[in-house]
Amino acid sequence: MNVFCIVGKLAKKPELTETSGGFIMANVEIAVERPFANCMGIYEYDYITVEVWRGAADRLAKEGKEGQMVSAKGRIANRQTSDEPNYAFVAERVELLE
């Protein structure tokens, strides 16, 4: 099974781009708080970039705001173009939570 599911805050307002094939997409950076504090008692964040496509990308760019809670569920895609592995998180469902 190839599934990821994350909940976090939009690190910045999503920006749309268009592929050469005419598809709309956005690379969305989601800040996910770690479930433990560091040695100084501070909870740090992991920043995860998620690909969002077509209508979901358009809606997220129009309605999403920096700092807004969001959930994303999707699959991990292999984007290997050389000997080095390269993976992308591709959202199949995105929801604004606030």
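Residues numbered from 1 in each chain as written. Predicted model: local features only at pLDDT ≥ 70, side-chain atom pairs only at ≥ 80, totals over all residues. Heavy atoms only, no water.

S.K.: How do you make sense of the side chain of E51 when you look at a structure like this?
M.R.: In this structure, E51 sits in strand β4 (residues 43-53). When residues no more than four places from it in sequence are discounted, the contact partners of E51 are M25, A26, N27, R79, A88, F89, V90 and A91. (Helix = DSSP H or I, 4+ residues; strand = E, 2+ residues; numbered from the N terminus. Contact = heavy atoms within 4.5 Å.)

S.K.: When you look at the environment of R59 in this model, what are you seeing that I'm missing?
M.R.: Mapped onto the fold, R59 is located in helix α1 (residues 54-63). The exposure class of R59 is partly exposed, given its relative accessible area of 31%. Spatially, the C-alpha atom of R59 lies 9.7 Å from that of L96, the residues being 37 residues apart in sequence. Contact partners of R59, with chain neighbours within four places excluded, come to G64, V94 and L96. A polar atom in the side chain of R59 sits 2.8 Å from the backbone oxygen of V94. (Buried < 20%, exposed > 50% of the residue type's maximum accessible area, 1.4 Å probe, protein only. Polar contact = N/O pair within 3.5 Å; in protein donor to acceptor, adjacent residues only side chain to side chain.)

S.K.: Could you clarify how one ought to interpret the pattern of salt bridges in this entry?
M.R.: Any two side chains of opposite charge can pair, given that their charged atoms come close. Taken as a whole and judged by the stated rule, the model has six salt bridges. Across the pair E44 and R34 runs a salt bridge, and its minimum N-O distance is 3.0 Å. Of this pair, E44 sits in strand β4 while R34 sits in strand β3 (residues 24-37); the two residues are ten residues apart in sequence, bridging distant segments of the chain. Residue class for R34 comes out partly exposed when judged on its relative accessible area of 26%. Notably, a salt bridge pairs E95 with R93, separated by 2.7 Å at the nearest N-O pair. Judged by its relative accessible area of 54%, R93 falls in the exposed class. Beyond isolated ion pairs, a larger network of salt bridges with shared partners links R34, E44 and D46. (Salt bridge = Lys/Arg side-chain N within 4 Å of Asp/Glu carboxyl O.)

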